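Spelled out, the chains give:
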Amino acid sequence: MANKLAIFWALVVLAVGVHQVQFWRSARLDTDVLALLPEDEQAPEVDAATRKLADDAGRQVVLLVGAQDWPSAQRAADEATRVLSGAADLLEPAMVDTSALDQAVDFYRPYRDRLLTPAQRQWLARATADELGGTALMKLYQPAGAQLTDWNADPLGLWQDWWQARAAETSARPRDGRMWLSGEGREWVLLMWKSKVSAFALGDGSRVTATVEQARAKVEATVPGGRLVAAGVPLYAEAAAAQASWEMSTIGFGSLAAVLILVWLTFRSLRPIVLVGLSLTLGCAVALSVTALVFERVHLLTLVFGSSLVGVAEDYGFHYFAARQGKAPSERGPVMRSLLPGMVLALVTSVVAYLALGVAPFPGLRQMAVFSAAGLTAAFLTVVCWFPSLDTGALPVTSFSERFSASITRWPRIASTKGWWLSGAVLTVLVAVGIWKLEPRDDLRQLQGAPANLIADQRELGRLLGLPSPAQFFLVQGDSDEQVLAREAALKTKLDALVAQKVFAGYRAVSDWLPSEAQQREDAALSARAEALAVAAVSASTGEAPTRAAFSPEPLTPSHFLSGPAAGAIRQQWLGTLGKARYSVLMLRGLNDPKVLPRLEEVAHGLEGIRWVDKTAEISGLLSRYRRIMGGLIVAGYIAVLLTLVARFGRQAWRAWVPSVLGTLLTLAIFGWAGAPLQLFTVLGLVLLLGMGVDYGIFLLEHPGDGSAWLAVALAGVSTLLSFGLLGLSATPALRSFGLAMLLGEVTIWILTPCFRLPPGKATH
Amino acid sequence: MKPFLVLMLSLLSVSAHAADLVKDVRARLVDAPLVRGQFEQKKTVAGFKKPLVSRGDFLLARDQGVLWNTRKPFASTLTLTRKSLSAEQGTGGAAYHLDSTKEPALAAVNELLFALLSGDVASLQKRFKVEGALVGAEGWKLELTPTDAGLARVFKHIHLEGDGYVRQVQLDETRGDSSVITFEQLAQTPPPDATEAERLGK
């Protein structure tokens, strides 16, 4: 039976090995923070919109190079461009050049008469024949200026204004063959580059970031007062990758090394080190394979989190070796069998706790849950199936383990004395006050671990360029393209009033570039009437017979527009068909004050097919909701665990249960006293604590008075503490908070559990 | 190597020549902070058989801007300052105003018109290839070809002629239209009156 299991497990391990080779060859690793964000089950179109907006910018690096005056700014831009061009294998220029503008102008030319700005519509509708004629004459006789068309194709000079309105969507303007803007005391040149490589590659160094930093240094060194501001997903991804690989090696290897040193100290033998190492390696490998198979892609943070798994997964090996130490090799089988009930119970509580993390709809958390549950199970199976067969030699008791095993007898034990009651009362007051001081906080920032300088650059760039916000937008829904465009137009009318009040700077809408057919028809009629009057007036005044140029009889259709050269700027906002309906996104610029958001939300009320999306608020709301749900889950979990323990240990079950409850409460109290906020990730740490904290109690109850069980518990406690303590070093606030909760909880539970051990001579069964 | 050297030398001599020309033309121009006068503009526009002729007067104040008053065939005024371009019909009605601090393309046009009217050859040289010759004892002729891509989209060539003042500007547009503007009765006085000063102050 044992041999069959060992062979079965060997086959599984072999399959995992093959899968691992494939996995690392194709390296489907995710660094995108968005991948960690929850899916919105009620509104998949909101998700699609967010992802499309993010995808589009996925490889873009936007730079602003500035200096005190325009010639220095140009020089600075040249310096930066030279450095960036030097990394040709990494970056390519992605600038919209002037020929692209020419192409766009040519594309729109046949539809010129159908494209009017709101101001033009008003003017053309109320202008008298005299006014129209006068304007046409004035523009005709004016000294030469830049005209986009022949006079008869645009006698009132409307075309220029329409383009100017389109250009107003960004503050950058062409100047001397560059994109220029002025702001915050400097003149700036806008540079756009695109990363040619995907940024996830672990250990490949942050090459795009390095190149940008080189350019920054060059600009600052060669141009007095020169400055470079850069932003883009590749920079964030590289920062995340660098941070994750650092944390992975620190946390992963740090705790692995600590575990192995402990094993060496305790057993003074190579065999336990090799075997415990084996169970950990297999645990991680299986975890990775299972995660990759279930989710297709594995997120870098999963690996970081998973590396802390090491601290938990070796518990089974510890228990085996602690129990087997000093016994004859022939007793391996019986030792394992005596350990099994406790180990299975511990495994089940841990796995259930890990899987409970997956209840929250965060794909990142689900991955971590699956990763940890699979890894733990694999480490357990390795110990159970292989250790008795592989561990053949003798394993004498060392003096270190002997002294340690004996220490349990000196550990204080709770009893009904005055001292214990007094300390209990003091503790109760401290815990109550601490928990009362606890403040929840559920903002999105806990998910971001991006370096502060990147965030600062991003903000400055957004301010200067007037970039639209990707977190807040309007989603427009309709049964047809025409309806979407018409609804967008209705929304814009309401927004224009807010723009006029300077609530925000402006918006970017597909219908500005592609008016609805009805609007096009209206505008064509309006301009035809006005321009006919204008041409007639010019004809009368000059005595000649100029004719108005002809335009396309057909409207500009969405399909024609989207395949044309002018759609580049706006294509990402056209979502097309999702499910049964069609969608577009209207983005907002210059949204700097969160206080105005409710006013924008109000705009959507009463407009059919318009939905206000505030991703930031939505995620914060979700974090708060799941913090409360998980809180409830903890309470329910403790009740379930208590029932399980009672089933196994009867009236003594409380001895394994109370330390975990106390550990949880103390952790919360310490957070409260320290002023650290209570967030979803703190609560998640406590969920996990529920699963693992009772393990110690279980082992001590299973093997009362057994020094080896105490030795195993102590080893497990120290190693778990190390791994989660290291997680507390993570730069990602969520992971840090999670790690700290685990650390504090583990330490207190570890200290308290032996205090609740059975009195000598008593046994549960 | 040798042909390359010869080419380099010839290029050097051309630019040396151009620099001389610019210096000579500047020497012949009167350095006046204010110029007034009459103008006549003949504009050839696609769709019109005869050139469109307009007449009027203008005021160029070097530090403030240009006022361009068309009197015939109808009244309209154009005000060009460093900051804005605005136009207005004499009888009220049509009007428009552009702000050059928001539109650098307009700032460039402003700068160009300024340079053309005042014969600021040094500034023109930044955006044009300048060729030409001195004429007689006082005159000169310049042909400007845009080197700047933005300007090349608008103008094919610009011809300037003059003596102590710019006397004629001919603008050949890339789209095919062209204008010839001639200036007469040029003077450096009187200074801007109250209405003019107000318009230039905008």
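Residues numbered from 1 in each chain as written. Chains lettered and ligands numbered in written order. Predicted model: local features only at pLDDT ≥ 70, side-chain atom pairs only at ≥ 80, totals over all residues. Heavy atoms only, no water.

Attention now goes to the overall build of chain B. From N to C terminus, chain B includes five helices and 11 strands. Here chain B holds 202 residues, and 44% of them are scored as buried. Excluding contacts between residues fewer than 6 apart, the proportion of contacts in chain B whose partners are at least 24 apart in sequence is 42%. Put simply, chain B shows about 10600 Å² of open surface, and 57% of that area lies on carbon and sulfur atoms. (Helix = DSSP H or I, 4+ residues; strand = E, 2+ residues; numbered from the N terminus. Buried < 20%, exposed > 50% of the residue type's maximum accessible area, 1.4 Å probe, protein only. Contact = heavy atoms within 4.5 Å. Areas by Shrake-Rupley, 256 points an atom, 1.4 Å probe, with all protein chains shown as cover.)

The secondary structure content of chain A amounts to 28 helices and 13 strands. The C-alpha extent of chain A, read off along each of the three principal axes, is 120 × 55 × 50 Å. For chain A, the residues scored as buried account for 54% of the 765 residues in total. Put simply, 83% of the contacts in chain A that link residues at least 6 apart link residues at least 24 apart. For chain A, the exposed surface amounts to about 31800 Å²; the carbon and sulfur share of it is 62%. Within chain A, the 65 negative side-chain charges are centred at a point lying 10 Å from the centre of the 67 positive side-chain charges. (Lys, Arg positive; Asp, Glu negative; His and termini not counted. Charge placed at Lys NZ, Arg CZ, Asp CG, Glu CD.)

Residue and element names in this part refer to chain A. Inspection of every chain in the model, using the stated rule, returns 26 aromatic pairs over all chains. Joined through ring pairs, the aromatic side chains of Phe107, Tyr108, Trp159, Trp162, Trp163, Trp513 and Phe561 make up one cluster. Cation over ring: arginine 166 sits above tryptophan 162, and NZ or CZ is 4.9 Å from the ring centre. (Phe/Tyr/Trp six-rings, centres within 6.5 Å; stacked < 30°, edge-to-face > 60°. Lys NZ or Arg CZ within 6 Å of the ring centre and 35° of its normal.)

Before going further, it helps to examine the pairing of strand E7 (residues 227-231) of chain A. Residue and element names in this part refer to chain A. Taken across its five residues, E7 has four buried, putting it largely inside the fold. Looking at chain direction, strand E2 (residues 60-67) and E7 are connected through five bridges and run antiparallel. Note on E7: the bridge partner recorded for glycine 66 is arginine 227. (Pairing = 2+ DSSP bridges.)

Between chain B and chain A, the contact holds 35 residues from the first and 32 residues from the second. Between chain B and chain A, a total of about 3000 Å² is buried, with carbon and sulfur atoms accounting for 59% of that surface. Our enumeration of links across chain B and chain A arrives at one salt bridge. With its nearest N and O atoms 3.4 Å apart, the salt bridge here joins B:Arg175 to A:Asp150. Here chain B is connected to chain A by six residue pairs in polar contact (both at pLDDT 80 or more). Looking at the side of chain B that touches chain A residue by residue, the classes come out as 16 nonpolar, eight polar and 11 charged. (Buried area = accessible area lost by both parts, 1.4 Å probe. Salt bridge = Lys/Arg side-chain N within 4 Å of Asp/Glu carboxyl O. Polar contact = N/O pair within 3.5 Å; in protein donor to acceptor, adjacent residues only side chain to side chain. Nonpolar A, V, L, I, M, F, W, Y, C, P; charged D, E, K, R; others polar.)

Once that is clear, we can look at the pattern of salt bridges. Counted according to the given criterion, the structure contains 25 salt bridges over all chains. Between A:Asp523 and A:Arg121 there is a salt bridge, with its nearest N and O atoms 2.9 Å apart. Taken as a pair, A:Asp523 in helix H21 (residues 517-542) and A:Arg121 in helix H5 (residues 118-126) lie far apart in primary sequence, 402 residues in all. Put simply, B:Glu40 and B:Arg55 hold a salt bridge, and the shortest N to O gap is 2.9 Å.

Before going further, it helps to examine the pairing of strand E2 (residues 52-61) of chain B. Residues and elements named next belong to chain B. Here E2 lies mainly inside the structure; eight of its 10 residues are buried. Across seven bridges, E2 lies against strand E3 (residues 65-72) in antiparallel orientation. When the sheet's bridge partners are listed, leucine 59 is paired in E3 with leucine 67. Connecting E2 to the next strand, E3, in antiparallel fashion are three residues.

Within the largest apolar cluster, 107 residues are counted, with the highest numbers of intra-cluster contacts made by A:Phe305, A:Met343, A:Tyr354, A:Leu688, A:Phe724 and A:Phe738. For this core, the leading source of residues is helix H26 (residues 680-702) of chain A, giving 16 residues. Other than its neighbours up to four places away in sequence, A:Phe738 contacts A:Phe305, A:Phe681, A:Leu684, A:Gly685, A:Leu688, A:Phe724 and A:Leu727. In this structure, A:Leu156, B:Leu21, B:Leu116 and B:Ile181 belong to the second largest nonpolar core, which totals 62 residues. (Core = buried A, V, L, I, M, F, W, Y, C linked by side-chain atoms within 4.5 Å.)

Before going further, it helps to examine helix H10 (residues 270-295) of chain A. Relative to the 38 Å expected for 26 residues at 1.5 Å per residue, H10(A) spans 37 Å between its end C-alpha atoms, a close match to the ideal helical length. Immediately beyond the C-terminal end of H10(A), within one or two residues, lies A:Glu296, with a positive phi of roughly 70°. (Expected span 1.5 Å × (residues − 1).)

Residues and elements named next belong to chain B. Cis peptide bonds are those with omega within 30 degrees of zero, and the linkage from lysine 72 to proline 73 qualifies with 5°. Looking at where proline 73 falls in the secondary structure, it is placed in the loop between E3 and strand E4 (76-81). Proline 190 follows threonine 189 through a cis peptide bond whose omega is -10°.

Let us now look at the packing of helix H8 (residues 207-222) of chain A against helix H9 (residues 233-267) of chain A. Residues and elements named next belong to chain A. Two numbers describe how H8 lies on H9: the axes approach to 8 Å, and their chain directions differ by 115°. Considering the relative orientation of H8 and H9, their crossing is left-handed. When H8 is examined against H9, the residues Arg207, Val208, Thr209 and Val212 are found in contact with a partner set consisting of Pro234, Leu235 and Glu238. (Axes fitted to C-alpha atoms, helices over the stretch in contact; angles between N-to-C directions. Left-handed = near helix turned anticlockwise from the far one by under 90°.)

The subject of this paragraph is a nonpolar patch on the surface. All names here are of chain A. There is a patch of nonpolar side chains on the surface, built from Leu422, Val426, Val429, Leu430, Val433 and Trp673 and spanning about 560 Å² of accessible area. Following the sequence through the fold, tryptophan 673 ends up in helix H25 (residues 654-674). Note on tryptophan 673: relative accessible area 44%, which makes it partly exposed. (Patch = residues over 30% accessible without salt bridge, like charges linked within 9 Å, V, L, I, M, F, W, Y side chains within 5 Å.)

Time to look at H9(A). The end-to-end C-alpha distance of H9(A), which contains 35 residues, comes to 49 Å, matching closely the 51 Å that a straight helix rising 1.5 Å per residue would cover. Directly beyond the C-terminal end of H9(A), a positive phi value near 50° is found at A:Arg268.

This next bit is on the packing of helix H13 (residues 315-324) of chain A against helix H14 (residues 332-357) of chain A. Residues and elements named next belong to chain A. In the contact formed by H13 and H14, the axes pass within 10 Å of each other and the chain directions differ by 145°. Pair H13 / H14 crosses with right-handed handedness. Residues Tyr316, His319, Tyr320, Ala323 and Arg324 of H13 form the contact with H14, whose participating residues are Arg332, Val335, Met336, Leu339, Met343 and Leu347. For the contact of H13 with H14, a count of residues per class yields eight nonpolar, one polar and two charged.

Turning next to the environment of B:Glu173. Relative to the helices and strands, B:Glu173 resides in strand E10 (residues 166-173). Counting along the chain gives 119 residues from B:Glu173 to B:Ser54, while the straight-line C-alpha distance between them is 18 Å.

Looking now at the side chain of B:Glu196. Mapped onto the fold, B:Glu196 is located in helix H5 (residues 194-201). Excluding its chain neighbours within four sequence positions, the residues that come into contact with B:Glu196 are B:Arg36, B:Leu59, B:Leu67 and B:Pro191.

This next bit is on the environment of A:Leu90. Residues and elements named next belong to chain A. In this fold, leucine 90 is placed in the loop between helix H3 (70-86) and strand E3 (91-93). For leucine 90, a relative accessible area of 2% corresponds to the buried category. Considering only alpha carbons, one finds leucine 90 and lysine 595, 505 residues apart in sequence, at a separation of 41 Å. Once you skip the residues sitting within four places of it in the chain, leucine 90 turns out to touch Lys194, Ser195, Lys196, Val197, Arg207, Val208 and Thr211.

Residue and element names in this part refer to chain A. Counting across every chain of the model gives zero disulfides over all chains. Free of any disulfide, cysteine 284 has its nearest neighbouring cysteine sulfur in cysteine 385, separated by 18 Å. Among the residues examined, cysteine 284 registers a relative accessible area of 27% and is labelled partly exposed. The class for cysteine 385 is buried, based on a relative accessible area of 5%. (Disulfide = S-S within 2.5 Å.)

All names here are of chain B. Looking at chain B as a whole, the pLDDT averages 78, with 81% of positions reaching at least 70. Confidence, read as mean pLDDT per element, is least for helix H1 (residues 2-28) in chain B (54) and greatest for strand E1 (residues 34-44) (91). Per-residue pLDDT stays below 50 along residues 1-16; that stretch engages in zero contacts with residues further than four places along the chain or on separate chains. Interface scoring of the predicted complex returns ipTM 0.83; its pTM is 0.73. (pLDDT = per-residue confidence, 0-100.)

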